[in-house]
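Breakdown of the fold
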Amino acid sequence: MTSVGIDAIEVRTGKLRLDLAETFAPAQGEKPEKYTKGLGLYASSFPDVYEDIVTMGANAAHRLMDRKGLEPDDIGRIDVATESAFDNSKPVSTYIAGCLEQVYEDDFHHANKGERKFACISGTQSLDDAFNWIRAGRHRGRSAIVVATDTALYARDDPGEATQGAGAVAMLISEDPDLVELSTEQGYGSADETDFLKPQQQFPSVDGKRSVQVYLARMREAIEDYESVVGPIHPEDYALGPFHTPFPGMVRKAAALAFRHFTRDTEIEEQLAADIGRQPRREAFDSDDAFREAAGEYTDELTDTDRYREWYARCVDPTLELSREVGNWYTGSVHVARVSGLKAALENGENLTGGRMLVGSYGSGAQAEVHAETIQAGWAEEISALDLDEQLDARYDLSFAEYEDVHDVHNHDEDAGVTDVEGFTQPDAEFVFDGWGRMGERKYTYVE
Ligand code: HMG
């Protein structure tokens, strides 16, 4: 069967940076350790005044096309995944295609364009759409571009304000990909939940603590559903486990539960039994509560073992490095985690060709999806072509007062939005927001 997957990837961070431990925590009257240790976050990225979901997405897609030597005729589909859209009818992909047409001679009139919505998981759903389109043989030899782009803002003083971020990931989906091949096998965990939603409003209504529990419950279902297709997962089966990362502490919790699940009835459980006993089994307890308490105690001991720590340091921690510096990018988050894990492996001189990743996506509302990706021979070249470190280093460090202004600038509520804030950085060979058109549309220009 045709091998289909991600041929190349580009990441575009918002050009502003808020230091959570040094700047945000003191202003909120909180300890820096809540961020650095509890949530596992050091900084959030934000868009400058001339950036938004379109500019970040278009700039990522432009670099992707340039780097791969592509012309519009090579692209048959442009899908955008976002939960920060500013238009209920015209999809963000049309705005992005319009930007790209300013810098290419040809147009994208032949390309199918759309916009996917399901909170953070829609980036992965767009990958599915592209995969299915190619596998169905409808692509006429062309590739798809998937852009996951968000400005993840919460209302001021909402607990979610700790986990904001902004950026875009552009992915090229093709036959015989250079980066990763996507598995046909998938697992789902999906339920009607009201833990995080934006009913006709820009900033989310969130029940934060419940959202954490819903993430864990749906992810568990997705893993079990995936195992019903491929058989039991063993922790050594996968080189990396990039998961949706609203903040690294969330994945730390998920990883502990996943490892407990993966090692049940394996030689690892037996080897650890001398030190921490065997895993509690439900049938040995009178009530769910008693079982849960015992399972929680076992998990705490498990995460203290060298075996767990070695697995976590190798498979999970490298996927969190970028997230710590940029925060939650909603639809882009799991795709940032993938890049983060591969980038860390490259820097450590590892050869991952042929290795597999277990990818866990999640969107509130709520749905989790799990699939595997096989790392292709071109992965090291693809990852070394990224300019991510330069982008992160070039970000402008905001003071708290500047952060307050930036939050207002990106507030869609016209009364709250301020337009007289000067940019903090200079545009350089990129698309910028350029004001409003006669029908209320946002307009964009390429600045040399
Ligand atoms: P909070 O009330 O700000 O923070 O809520 P907290 O008091 O729970 O502290 C956070 C962690 O820091 C805790 O760790 C504290 O113990 C620890 P935990 O007990 O959970 O392991 N802590 C400290 N550690 C060391 N030293 C200290 C210290 N102080 C505290 N001094 C919350 C945090 C994440 C709930 C909030 O920020 C929030 O509501 N965020 C938004 C919702 C969210 O991100 N949910 C995640 C799951 S849902 C999801 O992933 C989907 C999403 O991406 C949206 C989508 O799909 O579209 C959000």
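Everything below is about the structure shown above.
Let us look at the structure shown here. (Residues numbered from 1 in each chain as written. Predicted model: local features only at pLDDT ≥ 70, side-chain atom pairs only at ≥ 80, totals over all residues. Heavy atoms only, no water.)

1. Re the overall build of the protein chain
Assigned secondary structure in the protein chain consists of 15 helices and 15 strands. In terms of overall dimensions, the protein chain is globule-like: its C-alpha atoms have a radius of gyration of 22 Å, near the 22 Å expected for 448 residues. Each of the three principal axes of the protein chain carries a C-alpha extent, and together these read 70 × 55 × 40 Å. Out of the 448 residues belonging to the protein chain, those deemed buried represent 58%. Of all intrachain contacts in the protein chain linking residues separated by at least 6 positions in sequence, the fraction that spans at least 24 positions is 78%. For the protein chain, the computed accessible surface area is about 18,900 Å², with 44% contributed by carbon and sulfur atoms. If the 43 positive side-chain charges of the protein chain are averaged to one point and the 86 negative ones to another, these points end up 3 Å apart. (Helix = DSSP H or I, 4+ residues; strand = E, 2+ residues; numbered from the N terminus. Rg over C-alpha atoms; globule rule 2.2 N^0.38 Å. Buried < 20%, exposed > 50% of the residue type's maximum accessible area, 1.4 Å probe, protein only. Contact = heavy atoms within 4.5 Å. Areas by Shrake-Rupley, 256 points an atom, 1.4 Å probe, with all protein chains shown as cover. Lys, Arg positive; Asp, Glu negative; His and termini not counted. Charge placed at Lys NZ, Arg CZ, Asp CG, Glu CD.)

2. A few points about a negative patch on the surface
A surface patch of like charges, here negative, comprises Asp-66, Glu-71, Asp-74, Glu-105, Asp-106 and Asp-107. Along the polypeptide, Glu-105 turns up in the loop between helix 4 (92-103) and strand 5 (112-116). (Patch = residues over 30% accessible without salt bridge, like charges linked within 9 Å, V, L, I, M, F, W, Y side chains within 5 Å. Salt bridge = Lys/Arg side-chain N within 4 Å of Asp/Glu carboxyl O.)

3. Quick notes on the site of the ligand
Not every one of the 29 residues close to the ligand is listed here, only the nearest: Lys-34, Glu-83, Cys-120, Lys-209 and Lys-253. Residue Lys-209 places a side-chain N or O atom 2.5 Å away from an oxygen atom belonging to the ligand. Between the ligand and Asn-328, the relevant distance is 3.0 Å, taken from an oxygen atom to a side-chain nitrogen or oxygen of the residue. The set of elements that each furnish at least two residues to the shell around the ligand consists of helix 2 (32-39), helix 6 (208-230), helix 7 (248-263) and strand 11 (356-363). Considering each element in turn, the shell around the ligand owes the most residues, five residues, to helix 2. A per-class count over the shell around the ligand returns 13 nonpolar, nine polar and seven charged. (Near = heavy atom within 4 Å. Polar contact = N/O pair within 3.5 Å; in protein donor to acceptor, adjacent residues only side chain to side chain. Nonpolar A, V, L, I, M, F, W, Y, C, P; charged D, E, K, R; others polar.)

4. Topic: the nonpolar core
In terms of nonpolar packing, the biggest core is built from 56 residues, with Phe-46, Tyr-215, Trp-311 and Val-316 touching the most fellow members. Among the nonpolar cores identified, the runner-up in size contains 35 residues, and Ile-173, Leu-182, Val-334 and Leu-388 belong to it. (Core = buried A, V, L, I, M, F, W, Y, C linked by side-chain atoms within 4.5 Å.)

5. Overview of the sheet that holds strand 2 (residues 16-19)
Ordered in space as 3-2-13, the three strands form an open sheet in which the pairing is mixed. Since the sheet does not close on itself, it has two edges, and those belong to strand 3 (43-46) and strand 13 (396-397), each with one partner. (Pairing = 2+ DSSP bridges.)

6. Here we look at the packing of aromatic side chains
Under the criterion given, the structure shown has 20 aromatic pairs. On the basis of an interplanar angle of 65° and a centroid distance of 6.4 Å, the ring pair of Tyr-154 and Tyr-330 is categorised as edge-to-face. One end of the pair, Tyr-154, is in the loop between strand 6 (143-152) and strand 7 (165-175); the other, Tyr-330, is in the loop between helix 11 (321-326) and helix 12 (333-347), and 176 residues separate them in sequence. Note on accessibility: Tyr-154 and Tyr-330 belong to one class, buried. (Phe/Tyr/Trp six-rings, centres within 6.5 Å; stacked < 30°, edge-to-face > 60°.)

7. Quick word on helix 3 (residues 53-67)
For helix 3, built from 15 residues, the straight-helix expectation of 21 Å at 1.5 Å per residue is met to within 8% by its first-to-last C-alpha distance of 21 Å. Judged by how many residues are buried, helix 3 sits mostly within the fold: twelve of 15 residues are covered. All buried positions along helix 3 are accounted for by Ile-53, Val-54, Thr-55, Met-56, Gly-57, Ala-58, Asn-59, Ala-60, Ala-61, His-62, Leu-64 and Met-65. Where helix 3 terminates, the next one or two residues include Gly-69, which has phi positive at roughly 65°. (Expected span 1.5 Å × (residues − 1).)

8. Observations concerning the side chain of His-234
By the secondary structure assignment, His-234 is in the loop between helix 6 and helix 7. Using a relative accessible area of 19% as the deciding quantity, one classes His-234 as buried. A polar contact is formed between the side chain of His-234 and the side chain of Glu-267, at a distance of 3.0 Å. Residue contacts for His-234: discarding those within four places in its chain leaves Thr-266, Glu-267 and Ile-268.

9. Re unusual backbone geometry
Omega for the bond connecting Gly-365 with Ala-366 falls within 30 degrees of zero, at 5°, which places this linkage in the cis form. In this fold, Ala-366 is placed in the loop between strand 11 and strand 12 (367-375). We note that Asp-265 has phi near 65°; this positive angle belongs to a residue other than glycine. You can see Asp-265 is positioned in the loop between helix 7 and helix 8 (267-276).

This is a description of form; function is not addressed.
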